[in-house]
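Next come the chains, spelled out residue by residue.
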Amino acid sequence: HLNLTLLAEIDEERSKFYLRHDHVRLELVKRVPAQTWRTLQKSHIPKNPNERPDFDHMGADDEDSDDDDDMSTRKPVMKAIGTKYRKPTRAAPGWWSSLKRECDALHRLDRWDFPLLFLCLVHVLVCPFTKVEESFNLQATHDLLYHRTSLSLYDHHSFPGVVPRTFIGPLVLAMFSSPMVAMIHVMGLPKLVSQIVVRLLLGLFSVGALLRVKRATRRQFGASAARFFIVLSSSQFHWLFYATRTLPNTFAAILCNLALATWIDKQSVPTVVLLTAAVVIFRAELLMLLAPIALSFLIRGTIKFIPLIRIGLTTGAVCLAATVCIDSILWRRMLWPEWEVLFANTVLNKSVQYGTAPFHWYFTSALPRALLFGLPFAIFSVYIEPRTRQFVFLPIVFVSIFSSLPHKELRFVLYAVPPLNVAAAAGLAKLKTLLPKGSAVTWLAYASTIGALV
């Protein structure tokens, strides 16, 4: 427990605390903004040697600033507070506080969030049309928006595809895009505009999840690492291209990135919950990613075996009930889509009909193209920043296991790109702190990442 006898009263509702990897960060909002605090606690209490000398200031760059930035650029807190002082309330569980903090931060974008949003928009406008793998989810979203309860008119009854897919992803897209699509319909605009709106919405979900990864990276590795992460992610074509594509992999990637953010923050429970949902609903092969991560949690002692099994089974049962219920109604037969997909691609091995590649293809072709400069920096981070090793080794284990399947596509291992980018960004940030400010090697690190944009 941390007990403080503060110098003066604070606004409990607006004050926050963050659990970092090696310390606790407090952001206390004073009831009297003009009052200057020369010490955190009452004058008769000895000052803690670990108390930062700049406690009376907070960064203006981001809600989570706490890193290697020049403290001279920070601004005093001068926000007027008119609410009454309230007694402290019981703290919420750590993982729930972390999740709530990230959701609250979505409306507070900083300048480093806009490159991904802008590039996502560019990808949709430059390439507004789709290919065959995206047809089911896009057509299902169209049917939910335009045919609604007239299930007999739905396209998948006539063109079911090779394997059935879940309607949960299209259902979410249709629910959130329906107001805009209704306006488009009233204005008499072509359906292509509705398609662009749906894809932009999916891109917003994808980028929003990736920005949560950026914020978690900032909390654990510093602002420089978060900026390097944005630069690396912006310089890579494939992830942003698929971010707006109505593929099962894209829906699964959203959950995977949300899980990655909680994984970075050392929150094992939401990580297991989100990855389990992705496995049961969207992509069953993500079990090959969930299993190594869960095993690492057990080895590190962040979760016990029985709670892990209980959480996994409970989440799996809820998600299974949801997908079976919804998809059985819309497909007009008892159905768990991901089971049929898994059976067709593994037991029946039907995927080989669409081409095969050698075992090493993901490592020698797919990942180098997807990561560009991020790949060597991720490998380098293993040596310079030991905390990144789990974000390198576990995705590599996932890709290695997946390589045993003969049919290969880059989108199948796209989930490994963000954690490897986190490792690369953290390694670059650590290198920056080890080198003299303004040194040639420091500028080379920046130039190397920015050069990938060319």
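Residues numbered from 1 in each chain as written. Predicted model: local features only at pLDDT ≥ 70, side-chain atom pairs only at ≥ 80, totals over all residues. Heavy atoms only, no water.

1. What about the overall build of the chain?
A tally of helices and strands in the chain yields 17 helices and 4 strands. Every one of the 454 residues in the chain was classed for burial, and the buried ones make up 51%. As displayed, the chain offers around 22700 Å² of accessible surface, 67% of which is attributable to carbon and sulfur atoms. (Helix = DSSP H or I, 4+ residues; strand = E, 2+ residues; numbered from the N terminus. Buried < 20%, exposed > 50% of the residue type's maximum accessible area, 1.4 Å probe, protein only. Areas by Shrake-Rupley, 256 points an atom, 1.4 Å probe, with all protein chains shown as cover.)

2. Brief notes about the layout of surface pockets
Considered as a void within the structure, the second largest pocket measures approximately 910 Å³ in volume. Considering the residues around the second largest pocket, the lining is formed by 39 residues, among which Glu133, Val162, Val163, Arg165 and Arg411 are closest to the centre. For the lining of the second largest pocket, the secondary structure elements donating two or more residues are helix H3 (135-146), helix H8 (248-264) and helix H12 (337-347). Tallied by class, the residues present in the lining of the second largest pocket amount to 19 nonpolar, 10 polar and 10 charged. (1 Å grid on protein atoms, 1.4 Å probe; cavity = no way out; pocket = protein on both sides within 12 Å on 5 of 7 lines; lining within 4 Å. Points joined across faces, edges and corners; volume = space filled by probe spheres on them. Nonpolar A, V, L, I, M, F, W, Y, C, P; charged D, E, K, R; others polar.)

3. Section: empty space enclosed by the protein
Unoccupied space between atoms shows up once a probe the size of one water molecule is rolled over them. In the structure shown here, the tally under the stated rule is 3 cavities of 30 Å³ or more. Of the volumes computed, that of the largest cavity is approximately 110 Å³. The set of elements that each furnish at least two residues to the lining of the largest cavity consists of H8, helix H9 (268-281), helix H10 (287-300) and helix H15 (389-402). Among the elements that take part in the lining of the largest cavity, H8 stands out by supplying 5 residues, more than any other. Of the residues assigned to the lining of the largest cavity, the class counts are 12 nonpolar, 2 polar and no charged. Here the second largest cavity defines a volume of roughly 50 Å³. Surrounding the second largest cavity, Ser206, Trp239, Tyr242, Ala243, Thr250, Ala253, Ile254, Asn257 and Leu414 form its lining. Taken together, the elements giving at least two residues each to the lining of the second largest cavity come down to helix H7 (237-242) and H8.

4. Brief notes about the packing of aromatic side chains
Under the criterion given, the structure shown has 15 aromatic pairs. Aromatic pair Tyr362 and Phe402: ring centres 6.1 Å apart, planes at 75 degrees, arrangement edge-to-face. In this pair, Tyr362 is assigned in helix H13 (residues 361-371) and Phe402 in helix H15, connecting sequence segments 40 residues apart. By the burial criterion, Tyr362 is buried, and Phe402 matches it. Summarising the aromatic geometry, the rings of Phe398 and Phe402 are spaced 5.8 Å apart at their centres and angled 65 degrees between planes, so their arrangement reads as edge-to-face. Taken as a pair, Phe398 and Phe402 lie in helix H15 at a separation of 4 residues, close to a single helical turn. The burial state of Phe398 is the same as that of Phe402; both residues are buried. Aromatic ring contacts, followed pair by pair, group Trp361, Tyr362, Phe398, Phe402, Phe412 and Tyr415 into a single cluster. Above the ring of Tyr146, the side-chain terminus of Lys191 is found at 4.5 Å from the ring centroid. (Phe/Tyr/Trp six-rings, centres within 6.5 Å; stacked < 30°, edge-to-face > 60°. Lys NZ or Arg CZ within 6 Å of the ring centre and 35° of its normal.)

5. Here we look at the packing of H10 against H15
Running from N to C, H10 and H15 point in directions that differ by 140 degrees, and their axes come no closer than 8 Å. One way to sum up the angle between H10 and H15 is to call them oblique. Handedness of the H10/H15 crossing: right-handed. Counted together, Met288, Leu289, Pro292, Ile293, Ser296 and Arg300 of H10 and Gln390, Leu394, Val397, Phe398, Ile401 and Phe402 of H15 form the full contact between these two elements. Class assignment of the residues belonging to the contact of H10 with H15 gives a composition of 9 nonpolar, 2 polar and 1 charged. (Axes fitted to C-alpha atoms, helices over the stretch in contact; angles between N-to-C directions. Parallel < 35°, antiparallel > 145°, perpendicular 65-115°, else oblique. Left-handed = near helix turned anticlockwise from the far one by under 90°. Contact = heavy atoms within 4.5 Å.)

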